[in-house]
Amino acid sequence: MMVGDTGNVIPLKAYERQAGQSPGLRTIHAPSLAGTPVPDRAWHVEDLIPARTVTLLNGDGGTGKSLLALQLAVATCSDGYWAGRAPERGGVVYISAEDDQDELHRRLVDICADSQSRIEDLIGLTLVPLAGEDAIMATPKGKTNVLQATELFGAIDALIKEQMPCLVVLDTLADLFGGEENQRAQARQFIGMLRGLCLRHDTTVLLLAHPSLAGISSGSGSSGSTAWNNSVRSRLYLERVKGEGGTEDDPDLRVLTTKKANYGRTGYEIRIRWQRGVFRPANSTQDSFSAMAAQAKAERVFLDLLAAYEGEGRFVSASPSANYAPTVFAKDNRAEGITKRGFTTAMNRLFETKRIRVGEHGPASKRRTCIIAKETIE
C-alpha cells in the first residue's frame, strides 16, 4: 500500500500504474531491478577517468596538460599505456582550440617515437585544430543565464555520431565556453550539455581547463565557480612541483593528482617528468608508462588480495614468515601472474604511500601483527 499526496491510501498496483503514466518521463519501478545483473563500473582510465561522463583536467598554462591529453589520445587508439594504466581501447576525437595543426603534428612525432608507434597507424585518432578560429560551443541566450548550443556544438555532435569514438578531448574550457566561468548556473548547464554528448554517443569527455588564481594559491586547482568541480564526476590537477619558498627545484617535474573522484580515491598522486618532448614516469627506474603500468597492476592486485584475505578471515604479514604477504600472494591463483618480487616491490610502495600499514588481529590474549589497508583503517 502507498499513501497519496492527499493522505489517501493507494493500492500498490494502482501506484505502479500511476508511476508508469507520467507524461514525458522515463520511470523505473525499483523492484523491477531485483534479480537483474548489477552493471560493472566502467572506466576509460581505471581510478582516474570514469567512462561515459565528463572529467575535468586542470592545469596552469605551460604545465603540459595538452601534451598529457594528447598522449592519452594516442594510448587510447594504439593499445598503449597512460599514467601507468591501459585506457579503454577505441577511437578518439581531439578538439584543440589552443594548438594548430603544425604543433599537434610535432607533438605526435615525439609521442610516437617514445611509444615506438607510427603516426600512420593512428587510424582511430581524429584531430580538429581550431586555433585562431571561433571555437565557442555554447553561449548565454540574450542577457539570461540560459545557455544555447552554437553551430560548432552541432558540428561536433555530428562528428562524434559519425566517428563513434570512445574518448573526446576538449582543449580548453576558456576557448570553448562562451559564458562566464564564475556563473554557477552556466557552469552546470555546460557540463550537462557535454554529459549529454556522453550519453547520446556512448563516449567519454575529457575537458581541459586553466585553474583560477584562487585555485592555484589554494592548491585545489579549481577554476571559476565551484560548480565546475561539483558538476563533474572526476577532476584531475596537473601542476609543477615546488619546494620550500615556492621555488621549482626541477622545472621538468610534474604531479598529476586526483582532486575529485566520485568512484575512486582522492589525493592519489602520479609523478611524471617532461623528457624529449613527452611525459614519462618520474621514477628513474622506469623509462615508459608501460613499466609504470606493471607497477600499478602489482599494487592493485596486492590490495585486491589483501581485501579478499581479510574477508576470508586470513591475515598476512609484512615480515618474512609463513604468512609473508609476497610469498602467500604469489602462490594464490588470483595473483594475475605477479611474482613474489613484484609483490614485494608493490608492498613497499604501498607502505611508502601510506595505503597500507601494520596493524593487529586476534584476541587480546594473543594479538598478532598483520597488514591492514587504509580503507580498513578508516
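Since this is a predicted model, take the numbers as computed values, not measurements. (Residues numbered from 1 in each chain as written. Predicted model: local features only at pLDDT ≥ 70, side-chain atom pairs only at ≥ 80, totals over all residues. Heavy atoms only, no water.)

Draft legend 1. Quick look at the packing of helix α4 (residues 151-163) against helix α6 (residues 184-201). Direction vectors running N to C along α4 and α6 enclose 25°, while the axes themselves pass 10 Å from each other. By the angle class used here, α4 and α6 are roughly parallel. Relative to α6, α4 is oriented so that their crossing is right-handed. Facing α4, whose interface residues are Phe 153, Asp 157, Ile 160 and Lys 161, α6 presents Met 193, Leu 194, Leu 197, Arg 200 and His 201. (Axes fitted to C-alpha atoms, helices over the stretch in contact; angles between N-to-C directions. Helix = DSSP H or I, 4+ residues; strand = E, 2+ residues; numbered from the N terminus. Parallel < 35°, antiparallel > 145°, perpendicular 65-115°, else oblique. Left-handed = near helix turned anticlockwise from the far one by under 90°. Contact = heavy atoms within 4.5 Å.)

Draft legend 2. The pattern of salt bridges, seen in detail. For the structure shown, the criterion picks out 19 salt bridges. Among the salt bridges present, the one from Glu 312 reaches Arg 334, with a minimum N-O distance of 3.1 Å. Taken as a pair, Glu 312 in the loop between α9 (289-311) and α10 (325-330) and Arg 334 in the loop between α10 and α11 (340-352) lie far apart in primary sequence, 22 residues in all. Bridged by salt links that share partners, the residues Asp 99, Glu 103, Arg 106 and Arg 107 form one connected network. (Salt bridge = Lys/Arg side-chain N within 4 Å of Asp/Glu carboxyl O.)

Draft legend 3. Representation of the packing of aromatic side chains within the structure. Taken as a whole, this structure holds 7 aromatic pairs when the rule is applied. Here Phe 302 and Phe 343 contribute two aromatic rings whose centre-to-centre distance is 6.3 Å and whose plane-to-plane angle is 55°, an arrangement assigned as tilted. Of this pair, Phe 302 sits in helix α9 while Phe 343 sits in helix α11, placing them 41 residues apart in sequence. Judged on exposure class, the residue Phe 302 and its partner Phe 343 are both buried. Geometrically, the ring pair formed by Phe 329 and Phe 343 is edge-to-face, given 5.8 Å between the ring centres and 70° between the ring planes. Placement of Phe 329 in helix α10 and of Phe 343 in helix α11 is noted, with a sequence separation of 14 residues between them. Taken together, the ring pairs connect Phe 302, Tyr 309, Phe 329 and Phe 343 into an aromatic cluster. When the ring centre of Tyr 309 is taken as origin, the NZ or CZ atom of Arg 314, which lies over that ring, is 4.0 Å away. (Phe/Tyr/Trp six-rings, centres within 6.5 Å; stacked < 30°, edge-to-face > 60°. Buried < 20%, exposed > 50% of the residue type's maximum accessible area, 1.4 Å probe, protein only. Lys NZ or Arg CZ within 6 Å of the ring centre and 35° of its normal.)

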